[in-house]
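Understanding the architecture of this molecule
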Amino acid sequence: MNYLLINGSPHKGNTWILAERIKSQILALSPQAVFDEIHLTDINLPFCTGCSLCFRKGHEYCPHHKTVRDIIDKIDLSDGVIFTTSTFNMQPAALTKNLIDHLCFMLHRPYFFTKKAVVITTTGGIGANKSAKYLAGMLRGIGFNRCGELPVTSHSWNAYKVADKTAIKCAKAAKAFDNDVSSKKMHPPTASLLIFYNLMRGMGMGCVKGTEYATKDGEHWTDPVRINRFYDAAIPVPFYKKPLGALFFLMGKLSAKFITVTYRK
Ligand SMILES: Cc1cc2nc3c(=O)[nH]c(=O)nc-3n(C[C@H](O)[C@H](O)[C@H](O)COP(=O)(O)O)c2cc1C
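Residues numbered from 1 in each chain as written. Predicted model: local features only at pLDDT ≥ 70, side-chain atom pairs only at ≥ 80, totals over all residues. Heavy atoms only, no water.

**Describing the packing of aromatic side chains**
According to the stated counting rule, one finds 10 aromatic pairs in the structure shown. Between Phe113 and Tyr197 the ring centres are 6.1 Å apart and the planes differ by 70°, which places this aromatic pair in the edge-to-face class. Note that Phe113 is positioned in the loop between α6 (105-108) and β5 (116-123) and Tyr197 in helix α9 (residues 191-203), a separation of 84 residues in sequence. For the ring pair Tyr197 and Trp221, a centre distance of 4.9 Å and an interplane angle of 90° mean the geometry is edge-to-face. Taken together, the residues Tyr197 in helix α9 and Trp221 in helix α10 (residues 216-221) connect sequence positions 24 residues apart. Each member of the pair, Tyr197 as well as Trp221, is classed as buried. A connected cluster of aromatic rings, assembled from ring pairs, spans Phe113, Tyr197, Trp221 and Tyr231. For Arg201, the ring lying beneath its charged end belongs to Phe249, and the centroid distance is 4.0 Å. The ring of Tyr213 carries the charged tip of Lys265 above its face, separated from the ring centre by 4.4 Å. (Phe/Tyr/Trp six-rings, centres within 6.5 Å; stacked < 30°, edge-to-face > 60°. Helix = DSSP H or I, 4+ residues; strand = E, 2+ residues; numbered from the N terminus. Buried < 20%, exposed > 50% of the residue type's maximum accessible area, 1.4 Å probe, protein only. Lys NZ or Arg CZ within 6 Å of the ring centre and 35° of its normal.)

This is the structure:
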(Lines give C-alpha, C1' and ligand atoms only; values in the text may rest on other atoms or scores of the structure.)
Protein backbone atom coordinates (compact mmCIF):
# COMPACT_ATOMS: atom_id res chain seq x y z
CA MET A 1 0.00 0.00 0.00
CA ASN A 2 1.13 3.57 -0.62
CA TYR A 3 1.08 5.97 2.29
CA LEU A 4 1.52 9.72 2.27
CA LEU A 5 2.61 11.47 5.43
CA ILE A 6 1.68 15.15 5.47
CA ASN A 7 3.48 17.06 8.20
CA GLY A 8 1.36 20.14 8.81
CA SER A 9 3.44 21.38 11.75
CA PRO A 10 6.06 24.08 11.24
CA HIS A 11 8.83 21.80 12.56
CA LYS A 12 9.61 18.20 13.41
CA GLY A 13 8.48 18.43 17.03
CA ASN A 14 6.19 16.48 19.34
CA THR A 15 3.66 15.63 16.65
CA TRP A 16 6.40 14.35 14.37
CA ILE A 17 7.49 11.88 17.08
CA LEU A 18 4.02 10.31 16.86
CA ALA A 19 4.00 10.45 13.05
CA GLU A 20 7.25 8.48 12.94
CA ARG A 21 5.93 6.02 15.50
CA ILE A 22 2.80 5.37 13.40
CA LYS A 23 4.95 5.03 10.28
CA SER A 24 7.25 2.45 11.87
CA GLN A 25 4.28 0.55 13.29
CA ILE A 26 2.65 0.37 9.86
CA LEU A 27 5.96 -0.82 8.38
CA ALA A 28 6.19 -3.52 11.06
CA LEU A 29 2.69 -4.70 10.12
CA SER A 30 3.12 -4.30 6.36
CA PRO A 31 6.83 -4.29 5.42
CA GLN A 32 5.96 -3.75 1.75
CA ALA A 33 4.24 -0.40 2.53
CA VAL A 34 5.72 2.56 0.65
CA PHE A 35 5.85 6.00 2.27
CA ASP A 36 6.09 9.44 0.74
CA GLU A 37 6.25 12.65 2.77
CA ILE A 38 5.20 16.26 2.38
CA HIS A 39 6.45 18.80 4.90
CA LEU A 40 4.30 21.87 4.50
CA THR A 41 7.14 24.11 5.77
CA ASP A 42 9.22 23.07 2.76
CA ILE A 43 6.76 23.72 -0.05
CA ASN A 44 6.23 27.46 0.48
CA LEU A 45 2.54 27.49 -0.36
CA PRO A 46 1.52 31.18 -0.22
CA PHE A 47 -1.61 32.13 1.70
CA CYS A 48 -4.90 31.69 -0.11
CA THR A 49 -5.67 35.07 -1.71
CA GLY A 50 -9.45 34.63 -1.50
CA CYS A 51 -9.87 35.11 -5.27
CA SER A 52 -12.44 32.25 -5.28
CA LEU A 53 -11.37 31.19 -8.78
CA CYS A 54 -11.19 27.57 -7.57
CA PHE A 55 -14.88 27.67 -6.68
CA ARG A 56 -16.01 29.63 -9.72
CA LYS A 57 -13.80 28.53 -12.62
CA GLY A 58 -11.84 25.52 -11.41
CA HIS A 59 -8.84 24.93 -9.17
CA GLU A 60 -6.44 25.02 -12.13
CA TYR A 61 -7.05 28.81 -12.10
CA CYS A 62 -5.69 29.14 -8.53
CA PRO A 63 -2.62 31.42 -8.52
CA HIS A 64 -0.84 28.68 -6.53
CA HIS A 65 -2.09 25.84 -8.68
CA LYS A 66 1.27 24.22 -9.34
CA THR A 67 1.97 23.69 -5.62
CA VAL A 68 -1.59 22.60 -4.82
CA ARG A 69 -1.66 20.27 -7.85
CA ASP A 70 1.50 18.53 -6.62
CA ILE A 71 -0.16 17.82 -3.28
CA ILE A 72 -3.37 16.58 -4.92
CA ASP A 73 -1.29 14.33 -7.20
CA LYS A 74 0.54 12.84 -4.23
CA ILE A 75 -2.75 12.14 -2.43
CA ASP A 76 -4.05 10.60 -5.67
CA LEU A 77 -1.07 8.23 -5.72
CA SER A 78 -1.61 7.14 -2.12
CA ASP A 79 -4.02 4.68 -0.55
CA GLY A 80 -3.73 6.19 2.92
CA VAL A 81 -2.80 9.63 4.20
CA ILE A 82 -1.39 10.34 7.65
CA PHE A 83 -2.05 14.00 8.32
CA THR A 84 -0.31 15.53 11.33
CA THR A 85 -0.53 18.95 12.89
CA SER A 86 0.42 20.68 16.12
CA THR A 87 -2.43 22.38 17.97
CA PHE A 88 -1.91 26.11 18.14
CA ASN A 89 -4.52 28.15 19.95
CA MET A 90 -6.91 25.16 20.01
CA GLN A 91 -6.80 24.71 16.23
CA PRO A 92 -4.55 23.13 13.57
CA ALA A 93 -1.35 25.09 12.91
CA ALA A 94 -1.64 27.91 10.33
CA LEU A 95 0.36 25.92 7.76
CA THR A 96 -2.28 23.19 7.87
CA LYS A 97 -5.11 25.70 7.79
CA ASN A 98 -3.54 27.31 4.71
CA LEU A 99 -3.56 23.97 2.89
CA ILE A 100 -7.17 23.41 3.98
CA ASP A 101 -8.09 26.84 2.56
CA HIS A 102 -6.57 25.80 -0.78
CA LEU A 103 -8.63 22.59 -0.79
CA CYS A 104 -11.91 24.17 0.34
CA PHE A 105 -13.32 24.07 -3.19
CA MET A 106 -13.51 20.30 -2.75
CA LEU A 107 -16.22 20.79 -0.15
CA HIS A 108 -18.31 21.98 -3.11
CA ARG A 109 -16.97 19.27 -5.38
CA PRO A 110 -15.78 16.34 -3.20
CA TYR A 111 -13.05 14.29 -4.79
CA PHE A 112 -10.91 11.90 -2.68
CA PHE A 113 -13.55 9.17 -2.38
CA THR A 114 -11.27 6.14 -2.39
CA LYS A 115 -8.72 7.56 0.04
CA LYS A 116 -8.45 6.88 3.74
CA ALA A 117 -6.76 9.01 6.35
CA VAL A 118 -5.72 9.24 9.96
CA VAL A 119 -5.22 12.60 11.62
CA ILE A 120 -2.62 13.00 14.39
CA THR A 121 -2.69 16.12 16.54
CA THR A 122 -0.78 17.00 19.68
CA THR A 123 -1.39 19.74 22.18
CA GLY A 124 0.32 20.91 25.36
CA GLY A 125 -2.78 20.60 27.54
CA ILE A 126 -6.07 21.20 25.75
CA GLY A 127 -7.33 21.39 22.17
CA ALA A 128 -5.98 18.23 20.49
CA ASN A 129 -9.50 16.81 20.14
CA LYS A 130 -10.79 20.04 18.68
CA SER A 131 -8.03 20.34 16.09
CA ALA A 132 -8.29 16.65 15.16
CA LYS A 133 -12.04 16.94 14.69
CA TYR A 134 -11.66 20.07 12.60
CA LEU A 135 -9.11 18.48 10.27
CA ALA A 136 -10.84 15.09 10.08
CA GLY A 137 -14.20 16.78 9.38
CA MET A 138 -12.64 18.67 6.49
CA LEU A 139 -11.09 15.49 5.05
CA ARG A 140 -14.40 13.64 5.25
CA GLY A 141 -16.13 16.60 3.61
CA ILE A 142 -13.75 16.53 0.64
CA GLY A 143 -14.57 12.89 0.10
CA PHE A 144 -12.17 10.76 2.19
CA ASN A 145 -13.81 7.38 2.70
CA ARG A 146 -12.64 7.03 6.31
CA CYS A 147 -10.71 9.30 8.63
CA GLY A 148 -9.40 8.16 12.02
CA GLU A 149 -8.40 10.60 14.75
CA LEU A 150 -5.45 10.38 17.11
CA PRO A 151 -5.47 13.44 19.39
CA VAL A 152 -2.73 13.41 22.03
CA THR A 153 -1.84 15.68 24.96
CA SER A 154 1.94 15.99 25.18
CA HIS A 155 2.39 18.16 28.30
CA SER A 156 5.60 19.29 26.66
CA TRP A 157 7.43 21.97 24.71
CA ASN A 158 9.73 19.97 22.45
CA ALA A 159 10.80 17.38 25.02
CA TYR A 160 8.01 14.90 24.51
CA LYS A 161 8.30 11.38 25.87
CA VAL A 162 5.49 9.12 24.67
CA ALA A 163 3.50 7.83 27.67
CA ASP A 164 2.62 4.11 27.88
CA LYS A 165 -1.07 4.87 27.43
CA THR A 166 -0.34 6.90 24.28
CA ALA A 167 1.93 4.15 22.95
CA ILE A 168 -0.99 1.70 23.22
CA LYS A 169 -3.33 4.21 21.56
CA CYS A 170 -0.83 4.68 18.69
CA ALA A 171 -0.39 0.93 18.18
CA LYS A 172 -4.17 0.48 18.00
CA ALA A 173 -4.58 3.40 15.59
CA ALA A 174 -1.74 2.18 13.31
CA LYS A 175 -3.18 -1.34 13.19
CA ALA A 176 -6.74 -0.21 12.54
CA PHE A 177 -5.56 2.18 9.82
CA ASP A 178 -3.27 -0.29 8.07
CA ASN A 179 -5.92 -3.04 8.22
CA ASP A 180 -8.53 -0.77 6.73
CA VAL A 181 -6.26 0.58 3.99
CA SER A 182 -5.01 -2.93 3.11
CA SER A 183 -8.56 -4.31 2.97
CA LYS A 184 -9.35 -1.84 0.14
CA LYS A 185 -12.90 -1.93 1.48
CA MET A 186 -14.95 1.13 0.59
CA HIS A 187 -17.34 2.10 3.38
CA PRO A 188 -20.78 3.57 2.65
CA PRO A 189 -21.11 7.29 3.45
CA THR A 190 -22.50 8.23 6.86
CA ALA A 191 -25.93 9.89 6.87
CA SER A 192 -24.41 13.31 7.55
CA LEU A 193 -21.96 12.98 4.64
CA LEU A 194 -24.73 11.83 2.33
CA ILE A 195 -26.83 14.82 3.38
CA PHE A 196 -23.94 17.23 2.82
CA TYR A 197 -23.04 15.73 -0.57
CA ASN A 198 -26.61 15.88 -1.85
CA LEU A 199 -27.21 19.41 -0.56
CA MET A 200 -24.14 20.48 -2.55
CA ARG A 201 -25.36 18.49 -5.55
CA GLY A 202 -28.79 20.17 -5.35
CA MET A 203 -27.37 23.65 -4.86
CA GLY A 204 -25.06 23.03 -7.82
CA MET A 205 -28.17 23.05 -10.01
CA GLY A 206 -28.52 26.78 -9.37
CA CYS A 207 -25.25 27.61 -11.14
CA VAL A 208 -25.31 25.40 -14.24
CA LYS A 209 -24.24 26.62 -17.68
CA GLY A 210 -26.71 29.19 -19.03
CA THR A 211 -27.72 30.59 -15.60
CA GLU A 212 -26.78 34.15 -14.67
CA TYR A 213 -24.00 33.09 -12.31
CA ALA A 214 -22.75 29.83 -13.77
CA THR A 215 -19.81 28.20 -11.96
CA LYS A 216 -17.61 25.14 -12.08
CA ASP A 217 -19.94 23.57 -9.48
CA GLY A 218 -22.81 23.59 -12.01
CA GLU A 219 -20.59 21.91 -14.59
CA HIS A 220 -19.38 19.36 -12.04
CA TRP A 221 -22.80 18.28 -10.79
CA THR A 222 -24.33 18.01 -14.26
CA ASP A 223 -21.52 15.80 -15.54
CA PRO A 224 -23.13 12.52 -16.71
CA VAL A 225 -20.82 10.53 -14.40
CA ARG A 226 -22.57 11.95 -11.33
CA ILE A 227 -25.79 13.72 -12.38
CA ASN A 228 -28.11 10.93 -11.23
CA ARG A 229 -26.04 9.52 -8.37
CA PHE A 230 -26.52 9.99 -4.64
CA TYR A 231 -22.79 9.53 -4.05
CA ASP A 232 -19.63 8.76 -5.99
CA ALA A 233 -19.79 5.64 -8.18
CA ALA A 234 -16.81 4.05 -6.38
CA ILE A 235 -18.63 4.00 -3.04
CA PRO A 236 -21.56 1.71 -2.20
CA VAL A 237 -24.75 3.41 -0.95
CA PRO A 238 -27.21 1.06 0.77
CA PHE A 239 -30.73 1.27 -0.68
CA TYR A 240 -32.20 2.53 2.61
CA LYS A 241 -29.94 5.59 2.57
CA LYS A 242 -30.84 6.62 -0.98
CA PRO A 243 -34.14 8.36 -0.03
CA LEU A 244 -32.13 10.58 2.33
CA GLY A 245 -29.88 11.56 -0.60
CA ALA A 246 -32.92 12.24 -2.78
CA LEU A 247 -34.58 14.39 -0.12
CA PHE A 248 -31.54 16.56 0.51
CA PHE A 249 -30.82 16.88 -3.22
CA LEU A 250 -34.33 18.35 -3.63
CA MET A 251 -33.81 20.64 -0.64
CA GLY A 252 -30.53 21.89 -2.09
CA LYS A 253 -32.14 22.44 -5.48
CA LEU A 254 -35.03 24.30 -3.90
CA SER A 255 -32.74 26.52 -1.86
CA ALA A 256 -30.86 27.42 -5.06
CA LYS A 257 -34.12 28.83 -6.45
CA PHE A 258 -34.25 31.36 -3.59
CA ILE A 259 -30.55 32.06 -3.05
CA THR A 260 -28.35 33.29 -5.87
CA VAL A 261 -24.62 33.29 -5.21
CA THR A 262 -23.28 36.25 -7.18
CA TYR A 263 -19.80 37.20 -8.33
CA ARG A 264 -18.16 40.19 -9.99
CA LYS A 265 -18.11 39.50 -13.75
C1 LIG B 1 1.99 29.05 18.99
C2 LIG B 1 1.61 27.93 19.92
C3 LIG B 1 0.30 27.79 20.32
C4 LIG B 1 -0.07 26.77 21.20
N5 LIG B 1 -1.39 26.64 21.57
C6 LIG B 1 -1.74 25.70 22.45
C7 LIG B 1 -3.10 25.57 22.88
O8 LIG B 1 -4.00 26.24 22.43
N9 LIG B 1 -3.39 24.64 23.82
C10 LIG B 1 -2.41 23.86 24.39
O11 LIG B 1 -2.74 23.07 25.26
N12 LIG B 1 -1.13 23.90 23.94
C13 LIG B 1 -0.76 24.80 23.00
N14 LIG B 1 0.54 24.86 22.55
C15 LIG B 1 1.48 23.78 22.90
C16 LIG B 1 1.57 22.75 21.74
O17 LIG B 1 0.28 22.41 21.28
C18 LIG B 1 2.26 21.45 22.15
O19 LIG B 1 3.53 21.72 22.68
C20 LIG B 1 2.34 20.52 20.96
O21 LIG B 1 2.65 19.22 21.38
C22 LIG B 1 3.36 21.02 19.94
O23 LIG B 1 3.50 20.13 18.90
P24 LIG B 1 4.74 20.26 17.90
O25 LIG B 1 5.98 20.13 18.72
O26 LIG B 1 4.56 19.15 16.93
O27 LIG B 1 4.61 21.61 17.25
C28 LIG B 1 0.92 25.87 21.68
C29 LIG B 1 2.24 26.01 21.24
C30 LIG B 1 2.59 27.02 20.39
C31 LIG B 1 4.03 27.13 19.94
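**Here's the deal with the packing of α9 against helix α11 (residues 242-258)**
Running from N to C, α9 and α11 point in directions that differ by 35°, and their axes come no closer than 7 Å. Note on packing geometry: the crossing formed by α9 with α11 is right-handed. Between α9 and α11, the residues in contact are Ala191, Leu194, Ile195, Asn198, Leu199, Arg201, Gly202 and Met203 and Leu244, Gly245, Phe248, Phe249, Met251, Gly252, Lys253, Ser255 and Ala256, respectively. In terms of residue class, the contact of α9 with α11 is built from 10 nonpolar, five polar and two charged. (Axes fitted to C-alpha atoms, helices over the stretch in contact; angles between N-to-C directions. Left-handed = near helix turned anticlockwise from the far one by under 90°. Contact = heavy atoms within 4.5 Å. Nonpolar A, V, L, I, M, F, W, Y, C, P; charged D, E, K, R; others polar.)

**Observations concerning the site of the ligand**
The immediate surroundings of the ligand are formed by 19 residues, with His11, Thr15, Ser86, Thr122 and Gly125 found nearest. Here Thr87 contributes a backbone N or O atom positioned 2.7 Å from an oxygen atom of the ligand. Relative to its unbound accessible area of 640 Å², the ligand is 76% covered by the protein chains. For the shell around the ligand, the secondary-structure elements that each account for two or more residues are α1 (14-29), β3 (80-88) and β5. Top contributing element to the shell around the ligand by residue count: β3, with three residues. Residue classes in the shell around the ligand are distributed as four nonpolar, 15 polar and no charged. (Near = heavy atom within 4 Å. Polar contact = N/O pair within 3.5 Å; in protein donor to acceptor, adjacent residues only side chain to side chain. Areas by Shrake-Rupley, 256 points an atom, 1.4 Å probe, with all protein chains shown as cover.)

**What to know about the pattern of salt bridges**
One pass over the full model with this rule turns up 11 salt bridges. Among the salt bridges present, the one from Arg69 reaches Asp73, with a minimum N-O distance of 2.8 Å. Remark: Asp73 and Arg69 occur in helix α4 (residues 65-77); sequence separation between them is four residues, near one turn of the helix. For Arg69, a relative accessible area of 25% translates into the label partly exposed. Notably, a salt bridge pairs Lys97 with Asp101, separated by 2.7 Å at the nearest N-O pair. Of the two residues, Lys97 and Asp101 are both situated in helix α5 (residues 94-103); the distance of four residues between them amounts to about one turn of the helix. Among the residues examined, Lys97 registers a relative accessible area of 33% and is labelled partly exposed. (Salt bridge = Lys/Arg side-chain N within 4 Å of Asp/Glu carboxyl O.)

**Observations concerning a nonpolar patch on the surface**
Residues Leu254, Phe258, Ile259 and Val261 make up a contiguous nonpolar surface patch of roughly 480 Å² in combined accessible area. Relative to the assigned elements, Phe258 resides in helix α11. Judged by relative accessible area, Phe258 falls into the exposed class, the value being 69%. (Patch = residues over 30% accessible without salt bridge, like charges linked within 9 Å, V, L, I, M, F, W, Y side chains within 5 Å.)

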